[in-house]
Amino acid sequence: QVQLVESGGGSVQAGGSLRLSCVTSGRTFDNYVMGWFRQTPGKEREFVAAFIWSDSRTYYADSVKGRFTISRDNPKNSVSLQMSSLKPEDTAVYFCASASKPTLYYHTTDGYDDWGQGTQVTVSS
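Caption draft 1: The state of the cysteines, seen in detail. If you walk through the whole model with that rule in mind, you get one disulfide. Disulfide pairing is shown between Cys-22 and Cys-96; the S-S distance is 2.0 Å. Every disulfide takes its handedness from the sign of the S-S torsion; for Cys-22 and Cys-96 that torsion is -80°, giving left-handed. Residue Cys-22 is located in strand β3 (residues 18–26), and its partner Cys-96 is located in strand β9 (residues 92–99); the two are separated by 74 residues in the primary sequence.

Caption draft 2: A look at the packing of aromatic side chains. For the structure on display, the rule yields seven aromatic pairs. A centroid spacing of 5.3 Å and a plane angle of 80° characterise the contact between Phe-37 and Tyr-112, whose relative ring orientation is edge-to-face. Here Phe-37, found in strand β4 (residues 33–39), pairs with Tyr-112, found in the loop between β9 and β10 (114–115); they are 75 residues apart in sequence, far enough to count as distant. By relative accessible area, Phe-37 is classed as buried at 0%.

Caption draft 3: Representation of the nonpolar core. By size, the foremost hydrophobic cluster in this structure holds 34 residues, and its most contacted members are Trp-36, Val-48, Phe-68, Leu-81, Met-83, Tyr-94 and Tyr-112. Sorting the residues of this core by element identifies β1 (2–7), β3, β4, β5 (46–52), β7 (68–73), β8 (78–83), β9 and β11 (119–124) as the ones contributing at least two each. No other element matches β5, which puts six residues into this core. Residue contacts for Tyr-112: discarding those within four places in its chain leaves Val-33, Met-34, Gly-35, Phe-37, Ala-50, Ala-97, Ser-98, Ala-99, Tyr-105 and Tyr-106.

Caption draft 4: Examining the layout of surface pockets more closely. One number sums up the size of the largest pocket: a volume of about 200 Å³. Lining the largest pocket are 13 residues, and of these Val-33, Ile-52, Arg-57, Pro-102 and Thr-103 lie nearest its centre. Residues of the lining of the largest pocket, tallied by class, amount to nine nonpolar, three polar and one charged.

Caption draft 5: Just the environment of Val-23, in detail. By the element assignment, Val-23 lies in strand β3. If sequence neighbours within four positions are ignored, Val-23 has contacts with Gln-3, Leu-4, Val-5, Asn-77 and Ser-78.

Caption draft 6: Expanded view of the environment of Val-121. Here Val-121 lies in strand β11. What makes Val-121 buried here is its relative accessible area of 0%. On a C-alpha basis, the gap between Val-121 and Thr-24 in space is 20 Å, while along the polypeptide they are 97 residues apart.

Caption draft 7: Molecular detail of the side chain of Asp-73. Looking at the secondary structure, you find Asp-73 in strand β7. Polar side-chain contacts of Asp-73 include one of 3.3 Å to the side chain of Arg-19. Excluding anything up to four places from it in sequence, Asp-73 contacts Arg-19, Ser-21, Ser-78, Val-79 and Ser-80.

Caption draft 8: Inspection of the pairing of β5 at higher detail. The buried count for β5 comes to six of seven residues, which makes it a mostly enclosed element. Examined bridge by bridge, β5 and strand β6 (residues 58–60) share three bridges and lie antiparallel to one another. Residue pairing across strands places Phe-51 opposite Thr-58, the latter belonging to β6. Linking β5 back to β6 in an antiparallel pair, the connection comprises five residues, with Ser-56 at a positive phi of about 65°.

About the criteria used
- Residues numbered from 1 in each chain as written.
- Predicted model: local features only at pLDDT ≥ 70, side-chain atom pairs only at ≥ 80, totals over all residues.
- Heavy atoms only, no water.
- Disulfide = S-S within 2.5 Å.
- Helix = DSSP H or I, 4+ residues; strand = E, 2+ residues; numbered from the N terminus.
- Phe/Tyr/Trp six-rings, centres within 6.5 Å; stacked < 30°, edge-to-face > 60°.
- Buried < 20%, exposed > 50% of the residue type's maximum accessible area, 1.4 Å probe, protein only.
- Core = buried A, V, L, I, M, F, W, Y, C linked by side-chain atoms within 4.5 Å.
- Contact = heavy atoms within 4.5 Å.
- 1 Å grid on protein atoms, 1.4 Å probe; cavity = no way out; pocket = protein on both sides within 12 Å on 5 of 7 lines; lining within 4 Å.
- Points joined across faces, edges and corners; volume = space filled by probe spheres on them.
- Nonpolar A, V, L, I, M, F, W, Y, C, P; charged D, E, K, R; others polar.
- Polar contact = N/O pair within 3.5 Å; in protein donor to acceptor, adjacent residues only side chain to side chain.
- Pairing = 2+ DSSP bridges.

See below:
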């Protein structure tokens, strides 16, 4: 099992930036995909971005493309999500997730095995 811990959430004004980090521990050698999702009250968890460890491919939701960047961090087996030009609609709890096998479903919660506890991001207008 993989443990994931997110950090970096907080409050920012619209147009500002935040950087989220996700540190993994445990069976990290099984990681194939790392993803970020977000959730607001009463709504389903939605895909934000994914990073494929084997070839560093990245994928983004249309709503964040061009504003968010997912990347590998140091130490190894950590990823970050750089968020710029933030909008009030980006307000959510952001979750980091890990997939222990290759998956085509990196954009859905079903594609992931382990999840962090989440970190709150609040963007004010």
